[in-house]
Structure formats: structure tokens, C-alpha cells
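Here is what each chain is made of, one letter per residue.
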Amino acid sequence: MTSSQAASGSHQQALDALTAILGKDNVLTAEHATAPFSKGYRFGGGPLFAVLKPTTLVQMWKALQVCVDHNLMVIPQASNTGLTGGSGPGFQDYDRPIVLMSTHHINQVHLINDAHEAISLAGTTLIQLTDALTPHGREPHSVIGSTSIGASVIGGIANNSGGSQIRKGPAFTREAIFARVTDEGKVELVNHLGISLGDDPEVALDKLQRGDWSPADVTPAPEDTSETEYAEH
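Criteria and cut-off values
- Residues numbered from 1 in each chain as written.
- Predicted model: local features only at pLDDT ≥ 70, side-chain atom pairs only at ≥ 80, totals over all residues.
- Heavy atoms only, no water.
- Buried < 20%, exposed > 50% of the residue type's maximum accessible area, 1.4 Å probe, protein only.
- Helix = DSSP H or I, 4+ residues; strand = E, 2+ residues; numbered from the N terminus.
- Arc of directions from axis to C-beta.
- Polar contact = N/O pair within 3.5 Å; in protein donor to acceptor, adjacent residues only side chain to side chain.
- Axes fitted to C-alpha atoms, helices over the stretch in contact; angles between N-to-C directions.
- Contact = heavy atoms within 4.5 Å.
- Nonpolar A, V, L, I, M, F, W, Y, C, P; charged D, E, K, R; others polar.
- Pairing = 2+ DSSP bridges.

### Observations regarding helix H6 (residues 201-210)
Owing to its 3.6 residues per turn, the α-helix brings residues three or four apart onto one side.
Part 1 of the reasoning: Of the residues making up H6, those classed as buried are Ala204, Leu205, Leu208 and Gln209. Viewed end-on, H6 has its buried residues packed into an arc of 130°, placing them on one side of the element.
Part 2 of the reasoning: Looking at where H6 begins, the residue whose side-chain oxygen comes 3.0 Å from the main-chain nitrogen of Glu202 is Asp200.
Part 3 of the reasoning: Phi for Gly211, located one or two positions after H6, is positive at around 70°.

### Some details on the packing of helix H3 (residues 57-69) against H6
Part 1 of the reasoning: Between H3 and H6, the shortest axis-to-axis distance is 8 Å and the interhelical angle comes to 145°. Contact residues: H3 offers Leu57, Val58, Trp61 and Lys62, while H6 offers Pro201, Glu202, Leu205, Asp206, Leu208 and Gln209.
Part 2 of the reasoning: When the residues that make up the contact of H3 with H6 are grouped by side-chain class, the tally is 6 nonpolar, 1 polar and 3 charged.

### Things to note about the environment of Glu175
Part 1 of the reasoning: Mapped onto the elements of the fold, Glu175 is located in the loop between helix H5 (153-158) and strand S7 (176-181).
Part 2 of the reasoning: For Glu175, a relative accessible area of 31% translates into the label partly exposed.
Part 3 of the reasoning: Separated by 19 residues in sequence, Glu175 and Gly194 place their C-alpha atoms 6.7 Å apart.
Part 4 of the reasoning: Setting aside its immediate chain neighbours within four residues, Glu175 contacts Glu117, His192, Leu193 and Gly194.

### Remarks on the pairing of strand S4 (residues 98-102)
Side-chain direction in a regular strand flips from residue to residue, so the side chains alternate between the two faces of the sheet.
Part 1 of the reasoning: The element S4 is extensively covered by neighbouring structure, given that 5 of its 5 residues are classed as buried.
Part 2 of the reasoning: Burial of the side chains of S4 extends over both faces: Ile98, Leu100 and Ser102 are buried on one face and Val99 and Met101 on the other.
Part 3 of the reasoning: Bridge count between strand S2 (residues 50-52) and S4: 3 bridges; the pairing is parallel. By the bridge assignment, Val51 is partnered in S4 with Leu100.
Part 4 of the reasoning: As paired elements, strand S3 (residues 73-77) and S4 share 5 bridges and run parallel to each other. By the bridge assignment for S4, Met73 is matched with Ile98.

The structure is reproduced here in C-alpha cells:
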């Protein structure tokens, strides 16, 4: 068996495993189906091995391990507004096939500590965050521009957004929960979110998506930092 045949066999095994996790309608491989995900609003473009559309964090977790097991590159994508080109493949050469992980359906918002803090999951948009905060008399980090085109909270934070809310200072993530790949090629969950969710990754991610925790599990909010010297700086 040649190396290309072995790779092809491994890729088919990966597709079979991903389909078993996500269902065939949420694993896209045809070029016409993946094209809308490969190019953003302003930038991007390039071939994709597959587009995955998980609907839960647990599905995303399992799919990521399959991609790691089969040496596939993973690009996470939220709203694909493409303003910086980081949400899809570029035109450079890649050394592995690319799987794009669309988080569009993983869009829950959980307000904690009397709405002083918000947990925005991977696909949450600024519009959703705005709607969640408005009844509490609070605003997100941006209320113009990116909001109107449906950009994600994650994308805005990654760009250090300030927008019209410059008086609030630069936006940033205070605490997070994330996956990382160990030297042994295993995906592990790192919970720096400030919420006790248990040690089992799948149980923790399921609880996170459903907002299943008690106030006692949550680290108290820091002092309100809305009054900053950022604008003067």
C-alpha cells in the first residue's frame, strides 16, 4: 500500500467516524456545500476536506479527537464574517487536509453573577449577547459595526474590540474553558472558567451548554471595571 493510499483510507475512516458522531447532514464534503464556509465576507478561500456542523459541545469534543487521531488540521469558525481572514482557509500551502468546525449552532449565552458577567459559547453572536444583556441595563463590548453584520462574540474579543464602547476599555476574556492536545495526541479539557463542572469532560461540556450549575459553583465576579482610563489613554 502506498502512502497516498494509506492516507486515503485514513481519511475515509475519519469521515465515517465523524458522520457517526454528527450525522451525515452535518458533515459536508462536496465543494458546493463547503464553499460558503471557506470564504468569508472579505477574505479567504481554499479547499476544505470537510465542514463539520456540531450542535453540541460534546459533539465538538468528540469530533476534535477524531481529527487529531487522523492528523487533520482544524479551523474553528463562528459567524464567518471574515473581516480578518482568520475564520477560514487562506491561499497558502497547508501540510494537511483542513477540517472546518462551524460552531454556528453552539450559541448559548449564560449570564452569571447578576448579569455582571456573561458566558458566551463558541457560536454566540453579538446580537444574541445584546438581547441577553439589555433587560439588565447592560451593554456588550460593541454595539455598532460588527453587531450589524452578525459577527460573533469570540471574533470580537479576539480582535480586542472596543468600538463605540471605548469608555469600557478593550474587550477581553477573563476566564475560559478550552481544549488542548497533549504530547500523546489526546484532547484534554482545561477548565479555567471559574465554574465547577466536574472532572468528566463530556459531563462538564454538557452541563456548560445547558447552564446546569448552582450559584455556589461560580467564582464571584470581580469589581466592576467599567470606569477605566482607557479612553484618555
